[in-house]
2 protein chains.
Amino acid sequence: MTSATPPTRAQAPAPDKAELARRIAQARGDKPADLVLRGGTVFDLVTGSMIEGDVAICGDTIVGIGDAYEGQSISDVSGLTLVPGFIDTHLHVESSLVTPFEFDRCVTPRGVTTAICDPHEIANVIGAEGIAYFQAASEHVLMDLRVQLSACVPSCHMETSGATLLAEDLEPLMGHPSGIGLAEFMNYPGVVHRDDACLDKLALFSGGHIDGHCPLLGGRDLNAYVSAGITTEHEATSAEEALEKLRKGMRVLIREGSVSKDLHALQPVLTDVTAPYMCLCTDDRNPLDIAEHGHLDFMIRTLIALGSSPLAVYRAASLSAAEAFGLKDRGLLAPGKRADIVALDSLETCNAQGVWCAGTPVSEAAFAARGSVPPVGRRSVKANPVSADDFRCADTAEETHVIGIREGKILTDHLRETIAIKHGDKAPDVSRDLVRIAVIERHGKNGNIATGFVKGFGLQAGAIASTVCHDHHNIVAVGADYADMAVAANRLGALEGGFVVVKGEEVLAELALPVAGLMSLEPFETVRAALEELRAAARTLGVTLEEPFLQLAFLALPVIPSLKITDHGMVDVDAFELL
Amino acid sequence: MTSATPPTRAQAPAPDKAELARRIAQARGDKPADLVLRGGTVFDLVTGSMIEGDVAICGDTIVGIGDAYEGQSISDVSGLTLVPGFIDTHLHVESSLVTPFEFDRCVTPRGVTTAICDPHEIANVIGAEGIAYFQAASEHVLMDLRVQLSACVPSCHMETSGATLLAEDLEPLMGHPSGIGLAEFMNYPGVVHRDDACLDKLALFSGGHIDGHCPLLGGRDLNAYVSAGITTEHEATSAEEALEKLRKGMRVLIREGSVSKDLHALQPVLTDVTAPYMCLCTDDRNPLDIAEHGHLDFMIRTLIALGSSPLAVYRAASLSAAEAFGLKDRGLLAPGKRADIVALDSLETCNAQGVWCAGTPVSEAAFAARGSVPPVGRRSVKANPVSADDFRCADTAEETHVIGIREGKILTDHLRETIAIKHGDKAPDVSRDLVRIAVIERHGKNGNIATGFVKGFGLQAGAIASTVCHDHHNIVAVGADYADMAVAANRLGALEGGFVVVKGEEVLAELALPVAGLMSLEPFETVRAALEELRAAARTLGVTLEEPFLQLAFLALPVIPSLKITDHGMVDVDAFELL
């Protein structure tokens, strides 16, 4: 981000008469093109053929392929394969732990030229102001950042969020050029049971695009959900679930986040037959995974390695995504389409050697030239200090509901374990991997503290805590030691939110996330390094999960089966009620 | 048509809150569905699988598949295969020679539930009033008749039409619920050469849907045409041409009309890989062909018989068509989609045993219950009487430009024949199949009469004449005898337009088309019978063409290569100039 503010890069309007004439003239070769990419081969996603010849670009738009062109500027792409820019069809930028500007810097060079985000993390903390922040940022970033309007803030009634968005709160946010429609409608029980506030939002966006979220829904309940006009969905975790959703007319988004990893399960479904109706998304992916493995580029090369055809995979990554979300101006390298182009070493390795966003070459200079938007959501952690005793809880019976973690899934198991009540408390039992989990309301609303048990961390000592806690983003802490949990939770207030690892009442590692308690103000490289320290520190406590903080963050999301915890208490998601 | 006027059947608006709640309740089975189709099998066009179970319909919308449902009304479709209603992606209803109401009666029972028409035939005769007539009719017919706004009235500057439509004339017609965008942009030379009036129309619809028409265009000229924002096209006549258009991002519409028959040439291109980007259309198809062979049903069964997979063919017939034209509410039998349903005996034979349009069963009773719109364009033939001498022409040299007919194509060859000049005239020479062709301006504008030669009719005597004469719809006559040509042309004035066959100055057969000289006021069955008599009469003159009147009609269309004739004279279409 620079302090100067260049003109915004808002979505281009439809071309006027003069611009049409300019495009036609350059396409015919009557005038030299603004930019020519020379020496590459275009992978045509309609017929699957490889097209030799120049790619001519007029302003932000491709005007010629498969022919020789003169250009005002020539870029040499000899030996490279050109494909359309990738489209991440569903993600929460906040999960990258950096601002939209750093997210742009992080993933655009990997070929992601469009990202369709749902800013519901920040909206749960500071409401409409958070969505407006993303809309403003979309006017400056190099990629085309599309900002859906968050459907479920809070995700449901069983949690305390920092803000509530009703249909009437969303209406003033409609009409921004970054908009596509309503973001993932997570309260699927509210839809199928015809909750009044849910129907208001569905009616407000009726006839437009409404994105879905309905894990494990099937049969007549799925028919009901789809009948509400919801056409895209990213929560399928098995081939069978994906196939039912496809058959019922949903576009299925294959997701590979840092926690939710569905790519292997859904890859067999992605064929030349289904690819026109499937897309790719990351949902929640942190900068460590992006650095170590990649982003959509990682998904593309992995899907091909697993046996999907390059045609099917690249369609899902661009053309089919554009179709699914009504972005008719992109998804193909063809005349009249946005010049969102990735030059690859090969289709199989998917390493971007050059990226163009609407005709602008992606470079550090281009990032430096962007405008900026001041960060919002500072000082958002408003919880009172807690003490060790706040985590004590005896429950009413020794049979105890325990959240069972499935590594790499945001689905959890609803376990029942016997935990002895001693001295008015059920103590953590690290020998059985049963540790305390607590959610502490931090929006200054009611000071709720809820406690429960979780199995699967491998934690042997100490505590970890976070303000990234979907979707209400209260403080969530797990610990083998209550005093350490208190130190960790209290440290988050001083940091304005973030991640903390504590042992022996000492902070071993931490990362401040002062933008709504969700995003750092640092470059993504700094955040990546901090995450490595945090992971290492967590491992010294015995944690066996590869991604403990994001896994932790989803234990508080009561719209994903089966057992979760919010500041209201433990939630039986299958019954959709508090225990 | 009935004289009473029931409520209109305009396109349903997006569902409101109450309607959403009704759909969701019926989809869940909380309330019985309005209508259940029981016993059939749904052909799923996304995965290609066959789905057992009921189809539940709420109002005009499917709400459930693949499950058991109770219904207020049950229709037995035992043993039948259910597919989405077919979409004719480009046609001129006028070419069916009947009104939109009779067209509806003729093709909807064959499974065509959406037809995207371009009313440019009637618009060339009576202007915007003709388009408004189709828009009004669309509010009453059972099918969803979509009315594109005609881009090229006249098709170009080398003809006299009854009306001229500029961008400013189209603007007041925008916004009707039947609208999709701008109809086929036939003046492709005007686009690539950046004609000012063409650019005005392109700019008016910029960012919306613009349909194409660019026969034989390729290379940089095609890049230029596509760069203008034109995304669908139906003039490809070879696999090679279709593939280039597909690669350049155009959706290719396979056409099988009464004259232009491209199905066999393009069938090899229609595969599971390309089908998502291909559609079907009839362009110009008369009721005789519809009765003898079928409509889109004929195309479907023929494409399957030729080797395209049923999945590819049914996608092109519905799902891909819906995608190509932005009709997101249809193309699949899935919850939330319009209940446009065809019940078939089998996928291969494609015989419709039952059809539902937006949930309404198609029947003679349903047709009888439609509202009506008074016909327009009466008394539109305003030519002065002609005499035999009007067809005499000596030209300037004995080398003569001759239109060479390709049967089953609207493309023609530009032939050169030596014809002796005798007594100040070049006489027809039936021994070499060289007969006179003339176009007589009939809109009361200038009284132009142009003459030339044509080869390919097989005509040995007499004359045939017509007011169906694309796109200006002047009078076109061919004859071996000038007196017969005069009788034929003059008879058209008395009929208010139509078709006439004359021999020995006697009318052998005729059909009146009093709606703008293009459409009959009779039922389609009556028109079909008249066409049989006309064909038989033409054969007694020696005519060897299967469909002489439609073939004749396209000899006057100067935006289809290579040699044509208008009231301005012979047109070299390749050079795009009058000879």
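This text gives an overview of the structure that appears in the document. (Residues numbered from 1 in each chain as written. Chains lettered and ligands numbered in written order. Predicted model: local features only at pLDDT ≥ 70, side-chain atom pairs only at ≥ 80, totals over all residues. Heavy atoms only, no water.)

### Remarks on the relation of the copies chain B and chain A
- Mapping chain B onto chain A is achieved by rotating through 180° and translating by 0.0 Å along the same axis, at an RMSD of 0.0 Å. The symmetry that links the two subunits is that of a two-fold axis.
- By residue overlap, the copies meet face to face through one surface: 100% of the interface positions of chain B are interface positions in chain A. (Least-squares fit on C-alpha atoms with pLDDT ≥ 70 in both. Contact = heavy atoms within 4.5 Å.)

### Notes on the sheet that holds strand 4 (residues 54-58) of chain A
All names here are of chain A.
- Reading across from one edge, 5-4-1-6 is the order of the four strands in this open sheet, with mixed pairing throughout. Whereas interior strands pair on both sides, the edge strands pair on one side only; in this sheet they are strand 5 (61-67) and strand 6 (71-76). Strand-to-strand twist across the sheet, computed as the mean angle between neighbouring axes with direction ignored, equals 25°.
- Relative to strand 5, strand 4 runs antiparallel, the two sharing four bridges. When the bridges of strand 5 are listed, Ile-57 appears paired with Ile-62. (Pairing = 2+ DSSP bridges. Helix = DSSP H or I, 4+ residues; strand = E, 2+ residues; numbered from the N terminus. Axes fitted to C-alpha atoms, helices over the stretch in contact; angles between N-to-C directions.)

### Things to note about unusual backbone geometry
Residue and element names in this part refer to chain B.
- The peptide bond linking His-470 to Asp-471 adopts the cis configuration, its omega dihedral lying at -15°.
- Summarising the element assignment, Asp-471 is placed in the loop between strand 23 (463-466) and strand 24 (475-479).
- For the bond from Pro-561 to Ser-562, the omega torsion is 5°, close enough to zero to count as cis.
- With respect to the helices and strands, the residue Ser-562 is situated in the loop between helix 17 (548-553) and strand 27 (563-566).

### Details of the interface of chain B and chain A
- The interface of chain B with chain A comprises 66 residues on the first partner and 66 residues on the second.
- When chain B packs against chain A, the two sides together hide about 5400 Å² of surface, and 58% of this comes from carbon and sulfur.
- On the chain B side of the contact with chain A, Lys-17, Arg-28 and Arg-220 of chain B bury the most area, a combined 13% of that side's loss.
- Summed over the shared surface of chain B and chain A, the number is 10 salt bridges.
- Where Glu-323 of chain A meets Arg-251 of chain B, a salt bridge forms, and the shortest distance between an N and an O atom there is 2.6 Å.
- Here chain B is connected to chain A by 30 residue pairs in polar contact (both at pLDDT 80 or more).
- With eight residues, the top contributor of residues to the side of chain B that touches chain A is helix 1 (residues 17-28) of chain B.
- Considered class by class, the residues forming the side of chain B that touches chain A number 34 nonpolar, 13 polar and 19 charged. (Buried area = accessible area lost by both parts, 1.4 Å probe. Salt bridge = Lys/Arg side-chain N within 4 Å of Asp/Glu carboxyl O. Polar contact = N/O pair within 3.5 Å; in protein donor to acceptor, adjacent residues only side chain to side chain. Nonpolar A, V, L, I, M, F, W, Y, C, P; charged D, E, K, R; others polar.)

Everything listed is a geometric property; what it means functionally is a separate question.
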